[in-house]
Structure formats: structure tokens, C-alpha cells
Amino acid sequence: MSTENEGTAVPPAPSAPPVPVDSPAAAPQADAPRNRPAAADAAPPHAPSPATPSSGAPGSAPDSGWPPPPPPAGPAQPPAYGPHGADGPGGAAPGAPWGTPYQQPQSPGPKRGRGGLLAGILVAALVAGGLGGGLGYTLAKNDDSSGSTTVSASDSGGDFKRDPGTIAAVAAQALPSTVTIEAESSSGDGGTGTGFVFDTQGHIVTNNHVVADAVDGGKLTATFPSGKTYDAEVVGNAQGYDVAVIKLKNAPSGLKPLTLGNSDKVAVGDSTIAIGAPFGLSDTVTTGIISAKNRPVASSDGTGSQASYMSALQTDASINPGNSGGPLLDAKGNVIGINSAIQSAGNGLGGTSQSGSIGLGFAIPINQAKYVAQELIKNGKPVYAKIGASVSLEDGTDGAKITDTGAGGSDPVEAGGPADKAGLKPGDVITKLDDRVIDSGPTLIGEIWTHKPGDKVTITYERDGKTRTVELTLGSRVGDS
């Protein structure tokens, strides 16, 4: 899936990771808006909040209001993030679409079921380089000294059993619980993404940017590998987290939720299996490893107004537009993440061309996604952790600097909020949250959102050249607006 975002110019964040393209939601036309794949979301604009960065001239605090502008692009720059508060999302640079736009197929191929899934036929040439194995050769003589040669071979290959834990066995178990999602807005725009069964009641977890087009009066369908298609509705969506929950209408009995793993226990080098519908090719399985953890990633939602942040799992499993919202599994078949974004060479660092995987995919850790999904099912709205301070996205701060002025001239530190109670002041530069190094405002936001409201965290900050630490209890903000 792909998405793009546009907004006011914002200095690039100092973090090292590249700005990913919206992950995998298959994109049809180049000119039609699309659900994002490489990273994206969609939700109504937020009302200004002192807990998010404020906007203004370069070097000033980003706007704490919601939605934030989209991230900047630039071939040689680190991931660009839009303005965002320490407890709210941001955006991208002006005119710098993030991700690839969804397009409707120019020449639609055969459709499967009600979802109208793209059917592709791949033709490959098989070249045989030799003949060998189990070849019987018999030479017989007859009375007139003439001979004949008889060749015989076994016509049975025997039984083949796939042991539990093999990729084939894991895929066979997980595929029946994944769906290909098609979202269409009331104007006919939309795209394809993926989701997986969360519970026996028919709730499906996916990315917000996958279903964004269908949130307000659109059409939503989910198709299982069996070919059965069900109409669905959005139960709740979290633009900042890029997580959404939909529910099947007339859900069938016997649904088997995928087992959720523990993303905190994932290690670099662990095997991964990704399932999705890259470029509309549903039920596709790819493999790789966890190539990095806690990767700061910002992504756009395709509506040109908002961005999401995550401290992502990075994988080299092939992920393409259409994979968004699909499960990232470990070697035992447990869900450890939700495939959400990709960095693409074709997109450079913010370009708009639709491209495929180059081995840099990003997934939302399942521990975070599980919490968000449960809140959406329970309340229909997301709940975000916050520190209640506006931070600057200015490059070269070597941390997240609390701004001198908040959004719309408000106080940069929310009165009575967590940061205020902890004694933090404008000008303080936050360099660590617990043991995690903070190199920018967007990185701080992503780290805060891996926690829940009420969690106690240790903040390391610099003031007047001295390093200090303080413990604070995270506050909460309900909803994306």
C-alpha cells in the first residue's frame, strides 16, 4: 500500500533511518489517491494540543495542532518527519509526497470474488541441464546377436511430509487467517491491503492507511484465501499509530485468530515470514530476517494531511505495496508485527514513483498494535501516551528540544502535565527515554507511543550544559482530533 502526504516545510529529523515509502497496499493507477503501504494513515485533523510540537519558521517549534504537515524529501537526507509534539504525529515537506499513490488498475485482470482481486499469471521457462537418478539400464542378447535396450524408472516419488516449523508449514497454518482488503471511498478511489483475524467475533487488524478511504461512507471488503468475500466496516482507526480494526459483517463461525507473539523478545537475525497482497497478488508469502529493531519511522497516509510514527521492526523480507496491514510472523508462526512501510530506491527519499522492495521493510511491533487494537474495539478511539510538551524538529539539536513557544502561542510545556510536574522547561534537550537514545523530536514521539498512559519512564535531558535525569508518569490523549 502506499500513501503520500504534503504540507508545510519542516527541517529533516537528525535520525539516521531513511524515510520509508508507505508500505504495501497494492497501487493501481498513478493518478488516483491510494491507501499507503510503505507507511501511512488517515484520520481527521487533530485540534491543537500543547502536547505536540508547534509550527513556525525554520528552527521554531512545529505546530502542535493536528494534522501535522508531511515529511520532507531529498535524496541525500535522513528520514524527514513532519511537525509533531512529544505526544502527537507530524507530516512531510511541502510538495514532497511520501510514498506512492494508490491507483486503480488501468487494465483490470480477472477478478476473484466480490473483492475484485487482481489475478496474475506468471510464466517461467524451465531448462533441464541433465538427467540422473534411479535410471535402470538392461542389455539383452538374442540368438541372432542383435540386442535391445530397456530403460525403466520409478513412477512414484514417495510421500513428502512437511515438519512443523518449516516455512511451508507456518504459511499453511497462517494463510487461512489472513485476508486481502479492498477499500473504496464514496468517490471511487481506493486500493488493496492486507489484514489478519484478531478474534473469533470477526475483528480484523490492519493498517489505518489501508482502510482510510472507506472510513467515511466508503466500501470495504475482505477476501479469504478460500475465495469467500465479506463486507466489512471500520470499528476504529488510529492515524498516529497507523493501526485500524475492521469487523466482518455476517462473520463466519470457526474463525481462527493468529497467535500473537512478543515483539519485545524479538532479536536481530530472527527469521521472519510476511504475508500479504503485493501489487494485488493476494496470499503471497515471503521470508527474511529481523534486520534491525527500534527503527524510528515516520509515514504518511495518502490524504496529504497527516503522518504516523513508529519505533519499527525492520525486516528484509520482501514487502511491497499491498502488503500493508499483513502479519509479520516469526519462525513458529506467531505474529510479531504489522507490515506497514517500505523504503524504496525508486522513491529515493520522498519521491513519488511506485516501486518495489529493496529489502527495507518496517513493521509496527505487535505488542503496541495489540494494545491499540484492544482500545479501538473497546472504545472506537485510540489512546495515546504523552509527556505534555512541544518539541522542535530542528536538525542538529542532538535530541528532542522543548521549544520556547507552543502551538498558536500557547505554553510549550502543558501546565500540570507530566513534563511540567517533572520540572522540564523550554530549552531542555531530551537525549534519552529510559535506555533509548533520542536524537530528534520524531524519535521521541515514536518511543513515547510504544508505552501506555500511566507508564513511568526515566527522561535524560540537558540544561545549561549539564546532564540531568528525572522520572515522570506519562499522561494520555484520546482520539486523533
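Check the entry above for the structure.
This is a predicted model, so every value here is computed, not measured.

Quick notes on the rules
Residues numbered from 1 in each chain as written. Predicted model: local features only at pLDDT ≥ 70, side-chain atom pairs only at ≥ 80, totals over all residues. Heavy atoms only, no water. Helix = DSSP H or I, 4+ residues; strand = E, 2+ residues; numbered from the N terminus. Buried < 20%, exposed > 50% of the residue type's maximum accessible area, 1.4 Å probe, protein only. Areas by Shrake-Rupley, 256 points an atom, 1.4 Å probe, with all protein chains shown as cover. Contact = heavy atoms within 4.5 Å. Salt bridge = Lys/Arg side-chain N within 4 Å of Asp/Glu carboxyl O. Pairing = 2+ DSSP bridges. Axes fitted to C-alpha atoms, helices over the stretch in contact; angles between N-to-C directions. Arc of directions from axis to C-beta. Phe/Tyr/Trp six-rings, centres within 6.5 Å; stacked < 30°, edge-to-face > 60°. 1 Å grid on protein atoms, 1.4 Å probe; cavity = no way out; pocket = protein on both sides within 12 Å on 5 of 7 lines; lining within 4 Å. Points joined across faces, edges and corners; volume = space filled by probe spheres on them.

A. Focus on the overall build of the protein. Each helix and strand in the protein was counted, giving five helices and 22 strands. Counting all 481 residues of the protein, 54% fall into the buried class. Per element, the accessible surface of the protein, about 19400 Å² overall, is 50% carbon and sulfur.

B. Layout of unusual backbone geometry. A positive phi angle, near 55 degrees, is found at N250, a position not held by glycine. Of note, N250 is situated in the loop between β9 (243–248) and β10 (271–276). Overall, N250 belongs to the exposed group, its relative accessible area being 73%. Backbone geometry at D283 places phi at a positive 60 degrees, although glycine is not the residue there. Along the chain, D283 falls in the loop between β10 and β11 (284–300).

C. Summary view of the side chain of S177. Positionally, S177 belongs in the loop between α1 (167–174) and β4 (178–184). For S177, a relative accessible area of 4% gives the class buried. Apart from residues lying up to four places away in sequence, S177 is in contact with G195, F196, V197, K256 and L258.

D. Looking closely at the pattern of salt bridges. One pass over the structure, following the stated rule, counts three salt bridges. The salt bridge partner of R436 is E447, with a shortest N-O separation of 2.9 Å. With R436 in strand β19 (residues 436–437) and E447 in helix α5 (residues 441–448), this residue pair connects regions lying 11 residues apart in the sequence.

E. Inspection of the sheet that holds strand β5 (residues 190–197) at higher detail. Read once around its circumference, the closed barrel built from six strands follows the order β4-β5-β6-β9-β8-β7, with strand pairing classed as antiparallel. Sheet twist, expressed as the mean angle between neighbouring strand axes with direction ignored, is 40 degrees. Bridge analysis of β5 against strand β6 (residues 203–206) gives two bridges, and the strand direction is antiparallel. Each bridged residue has a counterpart across the sheet, and for V197 the counterpart in β6 is I204.

F. Summary view of α1. V170, A171 and A174 are the residues of α1 that are buried. Around the axis of α1, the buried residues are gathered within 100 degrees of arc, so they sit on the same side. Residues A172 and Q173 are exposed on α1 and point more than 90 degrees away from its buried face.

G. Structural view of the environment of G454. Topologically, G454 is positioned in the loop between α5 and β20 (456–463). Take G454: its relative accessible area is 44%, and that puts it in the partly exposed class. When sequence neighbours within four positions are dropped, the list of residues in contact with G454 reads T473 and L474.

H. Up close: the packing of aromatic side chains. Using the criterion set out here, one finds five aromatic pairs in the structure. When the ring of Y241 is compared with that of W449, the centres are 5.5 Å apart and the planes differ by 55 degrees; the resulting orientation is tilted. Here the residue Y241 occupies a position in the loop between β8 (229–238) and β9, and W449 occupies one in the loop between α5 and β20, the gap between them amounting to 208 residues. When sorted by exposure, Y241 lands in the same class as W449, which is buried. Measuring from ring centre to ring centre gives 4.7 Å for Y384 and W449, while their planes differ by 45 degrees; the resulting arrangement is tilted. Note that Y384 is positioned in strand β16 (residues 383–386) and W449 in the loop between α5 and β20, a separation of 65 residues in sequence. Y384 sits in the buried class, given a relative accessible area of 0%. Within the aromatic cluster, the residues linked to one another by ring pairs are Y241, Y309, Y384 and W449.

I. The arrangement of empty space enclosed by the protein in detail. Within this structure, the stated rule accounts for one cavity of 30 Å³ or more. Here the largest cavity is characterised by a volume of approximately 40 Å³. Taken together, 10 residues line the largest cavity, and the ones lying closest to its centre are P296, M310, P442, T443 and G446. Of all the secondary structure elements, the ones that give two or more residues to the lining of the largest cavity are β11, β12 (307–315) and α5. For the lining of the largest cavity, the leading source of residues is α5, giving four residues.

J. Representation of the pairing of β5 in the model. Burial within β5 is extensive, with eight of its eight residues counted as buried. Of the strand pairs in this sheet, β4 and β5 are connected by seven bridges, and their pairing is antiparallel. The partner of E182 across the bridge, within β5, is T192. What sits between the antiparallel neighbours β4 and β5 is a turn of five residues, in which G188 has the positive phi angle 100 degrees. In this structure, the hairpin formed by β5 and β6 is closed by a connection of five residues, where G202 is found at a positive phi of approximately 100 degrees.

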